[in-house]
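The residues making up each chain are set out below.
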Amino acid sequence: MQEFAQSIDIREDDPYGLLKFAVENEIDLTIAITERAIKSDIAAVFQANGKAIFAPSAQSAGYIINKSQSKRFLYKLKAPIPRFGIFEKFQIASEYLKEANYPLVVRCDNFPYDRLCCVNYETAKNYAQELFMRGEKKVLVEEYIYGHEFTVYVVTDGYHAIPLSVVSNFKFTESGNGGFLTNGVGAYVPDYRISQEIIDKLFQEVVLNVLNSLEKRGAPYLGILGVDAVLTGPETYTCLDLKPFLQEFDAQAVINMVEENLIELFEACANGFFADEYEDIITNDSCSVSCLIRSASEGIVIPNLDCVDSEVSFINVSRNKYYEYITSKGSNLVLTSCAKTITRAKKILAEDINLIKFSAMKYRGDII
């Protein structure tokens with residue numbers, strides 16, 4: 001990170017430390033993108049001190065970030081969601097799992113949202129027990145929905161919302177939807193499988209209902225709101241999740257599509273003139289494909305990273321004394337290629353992945 005920007009030793013969930021830095025350095029606009037920063041209520045702290053910030057309040061984001069609260073919220077709004085249960089005791093969860101239909105998803109309530117797609121009772125019971133034993137206060141169980149997964153992103157000032165992008169995403173770590181279920185390991189934009197009718201329907205039934213309800217509760221949501229969904233039929237969908245801001249595996253792919261000046265767009269939301277200045281968000285006709293690169297081991301040199309045509313978003317990579325890029329264990333970086341067609345973008349991405357191949361490298365092969 002220090003190669004591209006000046007690093008400041010302030011925690012993301014220290015809003016007063018960040019406010020002090022913003023004031024001292026005359027920062028005109030702050031953009032909070034992490035859930036820890038948003039949950040610390042950085043938006044309220046900055047707004048109370050007259051500093052522009054593009055971020056939802058902790059109160060409004062609680063309905064998005066806290067998964068049990070989010071599920072109840074969507075249920076009350078009559079959004080099409082999977083059947084679910086919320087449990088505070090393992091014994092009750094175990095009894096529920098005995099009678100449940102499989103496959104289903106067992107997940108924790110808060111960040112980092114660990115979850116597992118379970119095909120039988122033993123797997124589900126053991127994972128639920130593991131979550132409770134490590135101190136989770138609530139465990140969620142929901143049916144697994146088959147279909148094409150996608151995310152609709154909108155930009156909003158809490159009162160006015162405009163669609164930003166529709167993203168096709170890959171959630172499982174292995175090709176063919178095998179391995180672990182994650183927040184995402186790759187994406188492509190735009191998602192041609194999602195019709196304008198589905199987008200309009202989801203916008204009316206989920207996005208506007210969520211924003212209107214939060215406004216009525218005195219907690220308007222300002223920022224980027226993502227709706228994870230599954231296409232279950234030509235004209236039907238199921239809403240899986242709500243997301244604050246762009247996810248790291250698809251952020252660059254979405255940004256590649258946007259022709260607007262993002263700073264001006266976010267400033268309009270933060271300063272209260274979004275509805276006056278924007279009727280839509282201008283996008284281009286490019287296509288982008290993103291792929292998360294993981295490593296099973298740490299300390300391995302990533303070759304040729306400076307030679308790729310794809311854009312590189314670093315997650316957890318360091319450099320050694322020879323200025324070589326070094327892996328950490330787990331997620332390392334996202335490669336995003338952009339072209340006029342999805343096919344061409346996939347070809348560029350495949351070439352770049354082959355260029356940087358290293359031992360213990362992991363990625364989902366069917367993205368390309």
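Refer to the structure presented above.
Report follows, based on the coordinates. (Residues numbered from 1 in each chain as written. Predicted model: local features only at pLDDT ≥ 70, side-chain atom pairs only at ≥ 80, totals over all residues. Heavy atoms only, no water.)

Moving on, we come to the overall build of the protein. When helices and strands are tallied, the protein shows twelve helices and 18 strands. For the protein, the C-alpha radius of gyration of 21 Å lies close to 21 Å, the compact-globule estimate for 368 residues. Along the three orthogonal principal directions, the C-alpha set of the protein runs to about 55 × 50 × 40 Å. Relative to its 368 residues, the protein shows a buried fraction of 52%. (Helix = DSSP H or I, 4+ residues; strand = E, 2+ residues; numbered from the N terminus. Rg over C-alpha atoms; globule rule 2.2 N^0.38 Å. Buried < 20%, exposed > 50% of the residue type's maximum accessible area, 1.4 Å probe, protein only.)

To continue, consider helix α6 (residues 90–99). Taken as a whole, α6 has its buried residues at Phe-90, Ala-93, Ser-94 and Leu-97. Down the axis of α6, the smallest arc covering the buried residues is 100°, so these residues share one side. Among the exposed residues of α6, those oriented more than 90 degrees off its buried face are Gln-91, Ile-92 and Glu-99. (Arc of directions from axis to C-beta.)

This next bit is on the sheet that holds strand β5 (residues 115–118). Overall, antiparallel pairing links the four strands, which are arranged β3-β6-β4-β5 in an open sheet. Two strands bound the open sheet, and with one partner strand each, they are β3 (84–87) and β5. When strand polarity is set aside, the average angle formed by the axes of neighbouring strands in this sheet is 15°. As paired strands, β3 and strand β6 (residues 139–143) are joined by four bridges and run antiparallel to one another. Pairing of Ile-86 across the sheet is with Leu-140, part of β6. Seen against the sheet, helix α5 (residues 67–76) touches β3, β4 (104–108) and β6 and runs at an angle of roughly 140° to β3. On top of the sheet, helix α7 (residues 121–133) reaches β3, β4, β5 and β6; it is set at about 5° to β4, its chief contact. (Pairing = 2+ DSSP bridges. Axes fitted to C-alpha atoms, helices over the stretch in contact; angles between N-to-C directions. Contact = heavy atoms within 4.5 Å.)

Let us now look at the side chain of Lys-71. Here Lys-71 is to be found in helix α5. A relative accessible area of 2% places Lys-71 in the buried class. Within polar-contact distance, the side chain of Lys-71 engages the backbone oxygen of Leu-240 at 2.6 Å. (Polar contact = N/O pair within 3.5 Å; in protein donor to acceptor, adjacent residues only side chain to side chain.)

Membership of the largest hydrophobic core comes to 30 residues, with the highest contact counts inside it found for Leu-74, Phe-150, Leu-202, Val-206, Val-210, Leu-225 and Leu-242. Taken together, the elements giving at least two residues each to this core come down to α4 (58–65), α5, β7 (148–156), β8 (161–174), α8 (196–216), β10 (223–233) and β11 (236–244). Looking at which element gives the most residues to this core, the answer is α8, with nine residues. Counting residues in each nonpolar core, the second largest holds 27 residues, with Leu-29, Tyr-153, Phe-245 and Phe-266 among its members. (Core = buried A, V, L, I, M, F, W, Y, C linked by side-chain atoms within 4.5 Å.)

We now examine the sheet that holds strand β16 (residues 325–326). Sheet architecture is open: three strands sit in the order β13-β16-β15, paired in antiparallel fashion. Each edge of the open sheet is held by one strand with a lone partner, namely β13 (301–302) and β15 (318–319). The pairing of β15 with β16 spans two bridges and is classified as antiparallel. By the bridge assignment, Ser-318 is partnered in β16 with Ile-326.

If a residue is not glycine, its phi is most likely negative; likewise, a peptide bond is most likely trans. Tyr-102 connects to Pro-103 through a cis peptide bond whose omega is 5°. As for its placement among the helices and strands, Pro-103 is situated in the loop between α6 and β4. Residue Pro-190 follows Val-189 across a cis peptide bond; omega there is 0°. Despite not being glycine, Lys-78 shows a phi value in the positive range, around 60°. Here Ala-360, not a glycine, exhibits a phi torsion of approximately 70°, which is positive. By secondary structure assignment, the location of Ala-360 is in the loop between α12 (342–355) and β18 (361–362). Judged by relative accessible area, which is 26%, Ala-360 ranks as partly exposed.

With that settled, consider the pairing of β11. Each regular strand shows side chains that alternate between the opposite faces of the sheet. In terms of residue burial, β11 counts as a mostly covered element, since eight of its nine residues are buried. Judged from the eight bridges that link them, β10 and β11 form a sheet pairing that is antiparallel. Paired with Gly-233 across the two strands is Thr-236, which belongs to β11. The antiparallel pairing of β10 with β11 creates a hairpin that spans two residues between the two strands.

With that settled, the discussion passes to the pattern of salt bridges. For the structure on display, the rule yields 15 salt bridges. The salt bridge partner of Asp-241 is Arg-107, with a shortest N-O separation of 3.0 Å. Of this pair, Asp-241 sits in strand β11 while Arg-107 sits in strand β4, and the two are 134 residues apart along the sequence. In this structure Asp-241 comes out as buried when scored by relative accessible area, which is 2%. (Salt bridge = Lys/Arg side-chain N within 4 Å of Asp/Glu carboxyl O.)

Taken together, the buried positions of helix α10 (residues 262–271) are occupied by Leu-265, Phe-266, Ala-268 and Cys-269. When α10 is viewed along its axis, its buried side chains cluster within an angular range of 150° and face the same direction. Turning to α10, the residues buried within the fold contact β1 (30–31), β2 (53–54), β7, β10 and α11 (274–277). The N-cap of α10, judged by a side-chain oxygen 3.0 Å from the amide nitrogen of Ile-263 a few residues on, is Asn-261.

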